[in-house]
Each structure stands twice: as structure tokens, then as C-alpha cells.
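# A closer look at the structure
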Amino acid sequence: MDAPGAGAGHPFEYLIETLNDSSRKKFYNVPRLGGTKYGALPYSIRVLLEAAVRNCDGFLMKKEDVMNILDWKTKQSSVEVPFFPARVLLQDFTGIPAMVDFAAMREAVKILGGDPRRVHPARPTDLTVDHSLQIDFSKCAIQNAPNPGGGDLQKAGKLSPLRVQPKKLPCRGQTTCRGSCDSGEPGRNSGKLSSQIENTPILCPFHLQPVPEPETVLKNQEVEFGRNRERLQFFKWSSRVFKNVAVIPPGTGMAHQVNLEYLSRMVFEEDDLLFPDSVVGTDSHITMVNGLGILGWGVGGIETEAVMLGLPVSLTLPEVVGCELSGSSNPFVTSIDVVLGITKHLRQVGVAGKFVEFFGSGVSQLSIVDRTTIANMCPEYGAILSFFPVDNVTLKHLEHTGFDKAKLKSVETYLKAVKLFRHDQDNSGEPAYSQVIRIHLNSIVPSVSGPKRPQDRVAVTDMKRDFQACLNEKVGFKGFQIAAEKQKDYVSIRYEGSEYTLSHGSVVLAAVTSCTNNCNPSVMLAAGLLAKKAVDAGLHVKPYIRTSLSPGSGMVTHYLSSSGVLPYLSKLGFEIVGYGCSTCVGNTAPLPEAVLSAVKQGDLVTCGVLSGNKNFEGRLCDCVRANYLASPPLVVAYAIAGTVNIDFQTEPLGTDPTGRSIYLQDIWPSREEVHQMEEERVVLSMFKALKEKMEMGNKRWNSLEAPDSVLFPWDLKSTYIRCPSFFDKLTKEPVALQPIENAHVLLYLGDSVTTDHISPAGSIARSSAAAKYLTNRGLTPREFNSYGARRGNDAVMTRGTFANIKLFNKFLGKPAPKTIHFPSGQTLDVFEAAELYQKDGVPLIILAGKKYGSGNSRDWAAKGPYLLGVKAVLAESYEKIHKDHLIGIGIVPLQFLPGENAESLGLSGRETFSLTFPEELSPGLTLSIKTSTGKVFSVIAAFENDVEVTLYRHGGLLNFVARKFS
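Residues numbered from 1 in each chain as written. Predicted model: local features only at pLDDT ≥ 70, side-chain atom pairs only at ≥ 80, totals over all residues. Heavy atoms only, no water.

Moving on to the overall build of the protein. The helix and strand tally for the protein stands at 33 helices and 38 strands. For the protein, with 966 residues in total, the buried portion stands at 57%. In the protein, once contacts between residues fewer than 6 apart in sequence are set aside, the share between residues at least 24 apart is 74%. Of the accessible surface of the protein, which amounts to about 39,300 Å², a share of 49% is contributed by carbon and sulfur atoms. (Helix = DSSP H or I, 4+ residues; strand = E, 2+ residues; numbered from the N terminus. Buried < 20%, exposed > 50% of the residue type's maximum accessible area, 1.4 Å probe, protein only. Contact = heavy atoms within 4.5 Å. Areas by Shrake-Rupley, 256 points an atom, 1.4 Å probe, with all protein chains shown as cover.)

Encoded structure:
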């Protein structure tokens, strides 16, 4: 069921133009439609408008919808509009039921006499498999650390649950490897080279040579392949037989920043027609693409499946908050500071439920990594999305990712033609936003956190004053209560043949650790560039300071090495000690004895500085009383200074060999330097490796056998993949609406029943109906897995519907996943009661209060009740998304008249209910319900438009689309 494109009879055909005289590429020149109105629209709304114009068919997308979007200034927040995204992104948990439905639809179309080979998703669909990693093996020890810091290295180094000893990770004997990686070195285990699968290259942390992946990774992937073999085979079959489906191989990674950028098209070209890229999907990181100028946000599984079936998603025309960035950021501010500063400001202003769009001169100072990180943090400040229109920074970034240059030029030409390209200095003016908030980048200041709690932030410019205040304050969250006459005390030490002095504020421990800062390459590169400039200036770190560098992954080592800054970090003492949690969890080598003695002798408040996320007192070392969290470059800076009791603006870090004072500003890398290195060195190599990995797959995936038949060969013994029964009663033409006669109430629920109460989720309880089903098929509780893993089996999911222990059923008067089967009077699991009703041919309804179906969008919150035999839900009000889902699956949402509810009408729920539908069903129609007690009352059929009525007449969305193919 394809969405309309350019063609004869299209209501906006007159807007089609060629991109240039020498090109066959066409596009809808939407700016011609609105005149001055178009220029006032926010860029994100322009994307909605283009999609509306291109997909206008008079049914799913009407001219009225197009005009409503064009009149956004007056219609925002007051009308609903459909939106056809260009593509869909799924992760495995939500992808499995969608693809199972498509496989089942092929079966149904064949039964109806149609060609099953015509059944394909209407829009390109990418499915990432790596979302459901379960950790079976882990290794908690810090390999090769001089001292595990209070832990038993031998005990901690074991793998669980099989207690397999880790093999050594050799350097494969390269001649360039200085020093031996063989068993002759103390503290290292010998072992043969284990097999390596294609993945992100990991380097020996000591010699920077490629090594196999850690055994824990290999073992976890091996177990994952075994556990999920059926699902993986099904996904592979799907990618073979469905034209628009691409499966991202396991071992590649989740749908995060890099993968999203690899999958992004920027501008689609279909049958020579150009249109903007846009995406909806079920992964929480979807919003990151808005940092690339691609409109996208996360939705539920049933919405994505609807888009795959050729239907739009529906949204209230949103308010768009314009966020103007101006000024220049403080030289010492890192990308992390900027991102967190903007996020904090947006949270304080209040942008919940709105689009945010960035403009102003300051936008160009943000790298794509900065933009996508800000866009990804939408949940932190409640916005639907945060949109950065495409500009020159975007194009330069895409070029570095290996984006085809000819296509990139076409992208630029097209986006400029339809005014979706943001110019640094746009003389035509900015869009007319719903609200404008202004953030001056120079108001964002670099800061550290400490000295005892991570929430106590201190501006770097105030560091010296704040530390002095901490010395004075009483012992507490910040204070150390050092007598005034002792605050200038110092103790001399001799270390490695030289004399040094320690005083309050002296840095004795500095660590760049594997925590959250390391996920952003720019801050690590900034630390490396600062180290390079410091070494070039003749600065050094005092040898008694315990320094270390423990990256979060081999990729961090890879880009530090490829950018040429790693040797300079090493010269300052920041050598890689391994991968994993180290200093931040107390796993640090003991301080030199001379330092420990001096601290004790002078009762000194010495300091640790690290780039982790925890700094509780005594966490790093019981003799280090003040601990500060800082960005990686500031960790290096404070290590060079040797103290936190310093004002970087007025006091030098040290002197060069000529005696000239060197200040922090002399060696601090500019944001331009960092961004240039990030784009030219890091991004290019990362994307080259990623592209190879995504295109080659890995050995296990490539060797995995999967069918390539037109119809999927269902395994009747499978407990993971099963052909669902949605199409069991499908006919070639929709039958007349059947009355609901003598329906029993399955559940009598109160207010605010959420989709979490309804939909199966989490582990499968041993006493549940789903557990009984699996046990009867020979599985043990250890093999049950989770509902999420078994979403491709409708028998398991139906049994898990309404199985939440917090479900409050008024029939029982207490929370329990049970109900009463009234013909027998038994109290049973909800599924067991529904099964008995279905055997007797008894239809079911659900009685509920206000806000039925609130919470997150969950597809099985509608699919499950349908398969239980529920024909209608009667509630006081609904969460709109869930109401749409009920209609989409074939359940009629009925609503009490205003001011009425089950209690006011005297309904006990023990009655039976009957209602008939008129031949001409229409939105908002009032229907009459009669109960077995003789009571008659009116309800509203909560259909909002003709599309919903049509879908319900067909028995739901799946049947509607299946008939299109038959």
C-alpha cells in the first residue's frame, strides 16, 4: 500500500519542478504554495508541510490537512494532522511483532487468492538487532592494574556464571610492539589467540596493536546467538524476502548516533522525485537525527507498523519554540558543558510536548556531535524533538562520514530550493516561532563538581575561592573545618630524588576514567590536544601524582591514537591502564609512601580529580579527602598545576624551560581545533570501519542459515515465532458490522489504567498462564526468557495480557491479574477466563474509568485484548494514542456520555451488554446499549474521522491493508 507520489491527478501536481535544467530529478516546490506564509514557518513545520503536499490523496491526507499545516501560526495546538515519515527504524523487540504480522499477511493474501509476493512494507524499514543484549558473562577486575585497590584480583577476575578464566589478549607478535605481551611478564596469563569476529577494532591497551575482542564479548555474543537463533533466522528471512527491509547485523550496535547517521538518507530519491528524509521509530535515540536536520521522533510499535503498512502517524500540530544561540562560548568550556548548559536552560523554561528549533549565530559553533547529543536529551527537558536545520556544518560533517559527494551536492541544491537549508546570515529573517528563548553561549561557564558530592557544582573561575571556603566551613557536605592558622601549612617530601611540597589542595590523584564523558570524542580529544601543547611548552606533571587513563572502549584508544595525541598524554603520565571501572570505584594503586606520610603528618586536605560521575568522600582513597569531578582536559590541567587551589585566569600552570610563565589559556585548545580534529581524523575512520562492519556483517550472522521462501515456514513447535491469528476470519470483502450481543465484562477497571497494566512486559512469572503454556511445551523456568523476547509468539503475549500483579479489578476488590468467570463463578487468570468465554462463543467488553490506556504506546495493549476476545471497551475517557490503537486492531472504543460512568448508571459489571451498529457508521455517533437487567443507556462511538471508521469496518488496520494486496 504505497503512499501517493508525483503523478497525474495529484492535487498539487502544479508544484512539481525539475531540480535544474540538466537534471531529471523532480521535487514539489512547496514554497510556491504559501507565499509569505511559507517563509514564516519553522523549518520543522516545513518538513511536515512537504510530506503533506506530496502524500495528499484526499483520504488519508486531505487538502484541508495541507492548509492547516500551512496556517500553522493560527492552527498550532488546535488541530491534528497526519504525517507520512519517509522511513521507519525498529529495534528487535518491537520489530519482531511487526515483521511477524507481515509474514502472516502473506499467508492471508495467498488464502484470499492474491499474490503474497506483493506484500512489502510501504516505507523503507531498518531493523537493528542489538537492542536486547543480556549479560551472561562479565569480568569485573581491572586487568594488569598494579593494584586492584582493595579487591581480590584472582577472585574478581573470574567470569560468571561458568567461572571461565580469561585468556590473555596478545599483541600477535608484531615487530613494532615494544615490550613483550607474552607470559613472561608478571601478572599476565598466557593463552592461545582466541578467534575474532569482525567488529570495532580493539587495541592492546599497552602496545596499541590490534587484539581479539575480550572473551566476555565473544561469549556473550555466542550465547545471544544460541538464545535468539529463531528470531535471528526470522529476521534474516525478512531481509531477504521483503523489498524495503534492511536488518543491521548483530554485533554492530544499537540505533545510536553513529548508526543513525549511517542509515540517514538526508534527502530521499524515489522515481526521480526528491523529498526530505524523516523517520519515526521505536528506539529512544531516534531524536538524535534531528541534530542532522532530519525530522524524527520515537513512537510506539503499532504506529511504526502503521507507517510500514502505508498509513500516516497522527499528531497535534505542535507549538515550536525557537531557541536562539548567540555569542561565543568561554574558551575553557567543553562540549559537555555546552550540552548540559543548554539542556538545563530548556528544562527551566518548560518546553514539554513542543518542538524546539535552534537558530542564531551560535548554532554554527556547535559540532554535529554537540547537536545530536542535545537532540537526544529531549526526555531531559520534555520536548518532542529538538531540530537543527541543515547548514554548512552539517554538510561538512556528512562529507567526513564518507557521504557520496555527488549526492551531497544534490542534497544541498534541493534543500536550498525548498528553503530547508539554514544560512549563517539569512537576510530573509527567522521563522515566526510560538515562543523564542535566548541562550548566550558566554553564559555557560566551565565547572567542576565537589569536593564531596557530584551535585555541588563549582565554576572553574570560583574554584580557588570555593576551596578556601571549604577549608573554613564546618565538617559537612562541603566543609573540612581546618583552623585558619593551619590553612597555609605545607609538608616537604622527597620523591625520586627531588624535593616537593604538599599543602591543602595539592592534587595527588588525577584520572581520566571510563565513565560518561568518554562517550563524546571531543572532550577526550581536547584532553589530548591540551597534553600535546603542554608537553610542547615544556610542562610536566609531578611524578608523585597518581595519573591514569582508562577509556571506556577500544574505540577511544583508537581515535586518541589515530589523532596523534596519545603519546603526549603518556608523557604526562596518563597512560592507558585498561578498560573498565577503575579509579572511580576505588580501584587505584596506592599512593607513594612519602605522600601518605606527608598527608598524615600535616593533616592535609589533598585532592583527587577525575572525569567520572561519582566523587563521594573517601571513594578514591581514604587519604584523599577532597574529590572533584571535571572534564578530561581539566583533569589534565589540574594535574599539571598540581593543586586545585589555583585561579587559572591569574596564576600560571608552570614555566617553560626559559622561565616564561605558561597559563592555561596558552595551552587550552580552541573548540575549532577540537572540532576539526574530530571531523577530519575521528569521524572519517569511525565511519569507514562502521560501513565495513554493517556491510560485511559478522561470521555468525553470515553463516546463519535462513529460508528464502516467499512464505515463512512456520515451525509449529516454536515458542518464539508463531503465525498470529489476526487474519483467521479475513474475507475478501469486509462484512457488515455485526452486533455485539450478550457480551460479558471481562474486567471492571478504575481510572488511569495504563498500558503497563495491560501489555505483557518483563519476566514471565512461574505461576502465570504464559508459564503454564511454556511448561506444557517442555520448557523449564530458566528457559522462559522474557515477554519482550517472545513478542513474536501471540500465544505467549495473549496469556501475558492483563497479567500485571498491580492490576486492580473491581470484581475482586484487590490488585491481582485475575477475574471472575461469571457463568461458572470461578476466579481465574484473565486469560483462562477469556478462553472459557471464547469456547462458548461469548463476546467480551471491558468497563473502565477515566484515562484508559494512559502511559507509553504499547502495541500489545491493543493486540492482546483483541486476541482475548474483547470486542469493545467502554470508558469515561481514553488516552488518544491507545484509543487509536484499539480502532486499528478492530476493537470499538465506546465512551460514556459526559457526567456519566458505570457507577452513576448503576452498572455492576455482572450484567451482559448488547448493542447494534447502524449501516452508516460515522464519527462521534451515539449508540444505544441494553443490559440483561433491562437498563438502556447511550454511549458515544469514539471515532474521530472517516479513516478510523473505515479501518473499523474492515476489522482493523491489518485486515484493511491485506485486502489491498489481495
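Having seen the model, we can carry on.
All chains considered together, the criterion is met by 37 salt bridges. For the salt bridge of Arg-371 with Asp-391, the shortest nitrogen-to-oxygen distance reads 2.9 Å. Pair noted here: Arg-371 is in helix H13 (residues 368–376) and Asp-391 is in the loop between strand S16 (385–387) and helix H15 (392–400), with a separation of 20 residues, a long-range link. Like Arg-371, the residue Asp-391 is buried in the burial classification. (Salt bridge = Lys/Arg side-chain N within 4 Å of Asp/Glu carboxyl O.)

Before going further, it helps to spend a moment on the packing of aromatic side chains. Scanning all chains against the criterion turns up 25 aromatic pairs. Members of the aromatic cluster, each reached through a chain of ring pairs, are Phe-102, Phe-234, Phe-235, Trp-237, Phe-242, Phe-712 and Trp-714. A cation over a ring is seen here: Arg-453 above Phe-477, with NZ or CZ 4.0 Å from the ring centre. (Phe/Tyr/Trp six-rings, centres within 6.5 Å; stacked < 30°, edge-to-face > 60°. Lys NZ or Arg CZ within 6 Å of the ring centre and 35° of its normal.)

This paragraph deals with the sheet that holds strand S15 (residues 355–359). Read across the sheet, four strands follow the order S16-S15-S14-S17 without closing on themselves; strand pairing throughout is parallel. Looking at which strands have only one partner, the edges of the open sheet turn out to be S16 and strand S17 (435–440). Each strand axis lies, on average, 25° off the axis of its neighbour in the sheet, ignoring direction. In terms of strand pairing, S15 meets S16 through three bridges, oriented parallel. Within S16, the residue paired with Glu-357 across the bridge is Phe-387. In the packing of helix H12 (residues 335–349) onto the sheet, the strands contacted are strand S14 (320–326), S15 and S17, and the crossing angle to S17 comes to about 145°. (Pairing = 2+ DSSP bridges. Axes fitted to C-alpha atoms, helices over the stretch in contact; angles between N-to-C directions.)

On to unusual backbone geometry, then. In this chain, Gly-450 is followed by Pro-451 through a cis amide linkage whose omega measures 15°. Looking at the element boundaries, Pro-451 is found in the loop between strand S18 (447–449) and strand S19 (457–459). Its identity as a non-glycine residue notwithstanding, Asn-742 has a phi of 55°, on the positive side.

What follows covers the side chain of Asn-793. Within the secondary structure layout, Asn-793 lies in the loop between helix H27 (769–776) and helix H28 (794–800). Residue Asn-793 is classed as buried on the basis of its relative accessible area of 0%. If sequence neighbours within four positions are ignored, Asn-793 has contacts with Ser-718, Thr-719, Tyr-720, Arg-722 and Tyr-773.

Okay, the pairing of strand S32 (residues 826–829) next. Relative to S32, strand S31 (residues 818–821) runs antiparallel, the two being bridged by four bridges. For Lys-818, the partnering residue across the bridge sits in S32 and is Asp-829.

The seven strands are arranged S28-S33-S34-S35-S38-S37-S36 in a closed barrel whose pairing can be described as mixed. Averaged over all pairs of adjacent strands, the angle between their axes in this sheet comes to 40°, without regard to strand direction. Alignment of strand S28 (residues 740–748) against strand S33 (residues 844–847), held across four bridges, turns out to be parallel. The residue bridging Val-745 from the neighbouring strand is Ile-845, located in S33. Across the sheet, helix H29 (residues 830–839) is in contact with S28 and S33; its angle to S28 comes to roughly 170°.

Core analysis: the largest hydrophobic core is formed by 189 residues, its most contacted members being Met-105, Phe-234, Trp-297, Leu-746, Phe-802 and Tyr-852. When residues in this core are grouped by element, the largest group, ten residues, is from helix H6 (residues 92–111). When sequence neighbours within four positions are dropped, the list of residues in contact with Trp-297 reads Phe-83, Val-279, Val-280, Gly-281, Ile-286, Thr-287, Val-313, Leu-315, Phe-355, Ile-384 and Leu-385. One finds Ile-482, Leu-502, Ile-662 and Val-682 within the second-largest nonpolar core, a separate group that totals 81 residues. (Core = buried A, V, L, I, M, F, W, Y, C linked by side-chain atoms within 4.5 Å.)

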